[in-house]
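Working through the structure, step by step
Okay, here's what each chain looks like letter by letter:
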Amino acid sequence: MATAKQAKAKAAKPSVKKYSNYINGEWVKSSSGEWFDNVNPADTSDVVGRFPSSNAEDVNAAVAAAKSAAKRWRLTPAPKRAEILFNLAQILAKNKDVFTREMTREMGKVLKEAGGDVQEAIDCTYYTAGEGRRLHGFTTPAEMKDKFAMCVRQPVGICGLITPFNFPMAIPSWKLIPALVCGNTVVLKSGEDVPLSSLNLIKACEQAGIPQGVINLVNGASEPGAALVGHTDVRLISFTGSTTTGKLIAEQAARDNKIVSLEMGGKNAIIVMDDADIDNAVEGSVWGAFGTSGQRCTASSRLVVHKKVYKKFVEKFVARVKQLRVGNGLDPRTEVGPVINHRAMEKIHGYIEIGKMIDKATLACGGNILNKGEYSKGYFIEPTVFSDVKPKMRIAQEEIFGPVTSIIPFSTLDEAIDIVNGVSYGLSSAIYTQDVNQAFHAMQELYTGICYVNSATIGAEVHLPFGGTKGTGNGHREAGTQVLDIFSEWKSLYIDYSGKLQKAQIDEVEI
Ligand code: UN1
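Residues numbered from 1 in each chain as written. Predicted model: local features only at pLDDT ≥ 70, side-chain atom pairs only at ≥ 80, totals over all residues. Heavy atoms only, no water.

Observations regarding the overall build of the protein
Secondary structure summary: the protein contains 15 helices and 23 strands in total. For a compact globule of 511 residues, the expected C-alpha radius of gyration is about 24 Å, and the protein comes in at 24 Å, within 12% of that figure. C-alpha atoms of the protein, sized along the principal axes, occupy 80 × 65 × 40 Å. The buried share of the protein, reckoned over its 511 residues, is 58%. Expressed as a percentage of contacts within the protein between residues at least 6 apart in sequence, the contacts between residues at least 24 apart total 75%. Accessible area of the protein: about 20,900 Å², with a carbon and sulfur share of 52%. Between the averaged position of the 58 positive side-chain charges in the protein and that of its 55 negative side-chain charges there is a distance of 4 Å. (Helix = DSSP H or I, 4+ residues; strand = E, 2+ residues; numbered from the N terminus. Rg over C-alpha atoms; globule rule 2.2 N^0.38 Å. Buried < 20%, exposed > 50% of the residue type's maximum accessible area, 1.4 Å probe, protein only. Contact = heavy atoms within 4.5 Å. Areas by Shrake-Rupley, 256 points an atom, 1.4 Å probe, with all protein chains shown as cover. Lys, Arg positive; Asp, Glu negative; His and termini not counted. Charge placed at Lys NZ, Arg CZ, Asp CG, Glu CD.)

Considerations on the pattern of salt bridges
Pairing between side chains becomes possible if they bear opposite charge and their charged atoms approach one another. This model, assessed by the stated rule, comprises 20 salt bridges. A salt bridge links Arg 320 to Glu 283; the nearest nitrogen and oxygen atoms lie 2.9 Å apart. Here Arg 320 is found in helix 11 (residues 307-322), whereas its partner Glu 283 is found in helix 10 (residues 278-290), with 37 residues between them in sequence. Of the charged contacts, one joins Arg 394 and Glu 398 as a salt bridge, the two residues approaching to 2.7 Å between their closest N and O atoms. (Salt bridge = Lys/Arg side-chain N within 4 Å of Asp/Glu carboxyl O.)

A look at the site of the ligand
Close contacts around the ligand come from 13 residues, with Glu 120, Arg 296, Cys 297, Thr 298 and Ala 460 the closest. When the ligand sits alone it has 320 Å² of accessible area, and the protein chains cover 99% of it. Using a 2 Å cut-off from the grid points, one finds that the ligand occupies the second largest pocket. The residue inventory of the shell around the ligand, partitioned by class, reads seven nonpolar, three polar and three charged. Counting contributing residues per domain, the shell around the ligand is built from domain 1 (16-264 + 473-491) and domain 2 (269-453), each supplying no fewer than three. (Near = heavy atom within 4 Å. 1 Å grid on protein atoms, 1.4 Å probe; cavity = no way out; pocket = protein on both sides within 12 Å on 5 of 7 lines; lining within 4 Å. Sits in = over half its atoms within 2 Å of the grid points. Nonpolar A, V, L, I, M, F, W, Y, C, P; charged D, E, K, R; others polar. Domains from an automatic or database assignment.)

With respect to the environment of Pro 52
With respect to the helices and strands, the residue Pro 52 is situated in strand 4 (residues 43-52). For the pair Pro 52 and Ala 250, spaced 198 residues apart in the sequence, the C-alpha separation amounts to 26 Å. Residues contacting Pro 52, with those up to four places away along its chain left out, are Tyr 19, Ser 20, Asn 21, Ser 30, Glu 34, Trp 35, Phe 36, Asn 219 and Gly 220.

Focus on the state of the cysteines
As enumerated under the stated definition, the model contains zero disulfides in all. The structure places no disulfide on Cys 151, whose sulfur is separated from the nearest cysteine sulfur, that of Cys 182, by 14 Å. Looking at Cys 151, the relative accessible area reads 7%, which means it is buried. (Disulfide = S-S within 2.5 Å.)

This is the structure:
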């Protein structure tokens, strides 16, 4: 099914490069015979490429390929698997500039940030490949004499990976690389607005020497995604995206008892204390709220500011936001790019209307769709700030996923912590303060998976676990070594070398 972004592009230029699915080591068309256009959200007359609209038949072929390659890959020693992944990291690094430009063109984020996204994939690949020589298990004493006990990781099997638009290469890499190093085979369903970055990653995997069938790529929207979730041979689904879709996936996957790891929404907040370095807090808040046009799960969509510095903060912050240069991400002067598609633009604008008309917050700046002149062919929204926001207003509770943030005043740190925790999500939080006692109190009480002191809610690094509490996730963490617990299962091994029957919990052990 074409998204609004793609549908609008249908009318656009004909001679556009066609791309394929990657199944069983071959670049193939969809059996549907249908295609969708991948367009530049800053300029919809610019068609980046045409991609197969895949269906359940394509997914079946991809899963069959993953199944046939599973044993060979599982039995390839992990250090050898890792060697291929180190090659992959080098290929990604070599192509960073090309991948960066292509990402900006299909996704809209500014070049510097697209470069950061590719870099995150490179970092993830180097770091996780290193696990090929660790993948630590453990030994532990057994209860009985002449008996040995240990625990090892085993791959889970065929993994279905479903990825969003906002980190077009980083997020697929967070899933793909640990899945591979653990010895699984995969089918990746790329984000339908950003298929080229996933394809670049898979192509680099092919070049790096990952054997046929181990990695498979299926393009398209919800149909191939649903087919992957419903396929009985798929043992695990790893999904990043909206909470609504994530919950549906979890429900469906539960019927086959699949392992499901979900990374979903956020409503992250920065606390600005009265002793904070205000200029630093302003800079951090601008970056956290408007980086990637606010389209990060980690975006700083609430700024919870102490009443004593509220007026000063709002003035400085709004002045700084008004200076932000909105435009095409390919232009190096641009600070805030477009949003991903027409549907997203309408949804974000709808929230701005809710903020004004229903919540009746103060619109401190922005608020408009930009559609004149250089903006006429893209999906641009003015960086928007609401002030005097109350914690229970809809704009302070619901994920907007766009360049909109809400400033909420408070009087005491405990009140601020309650505000931050008082939403249904729990991904990221932050506090600006010079007081170590306050910082540690906040670190203890903020119920989020990630917490920053004196920086914004965005900017997680690949060697620490990533994920959130409550509505954000289902208890898993990506990145770090913790991701290995998603993509491997524990096997406990008992070796009795006593030569006789020994009954645990029952036989008396002589001392
Ligand atoms: C996301 O928005 O889903 O911490 C991922 C960050 C990035 C990753 C964000 N490194 O903001």
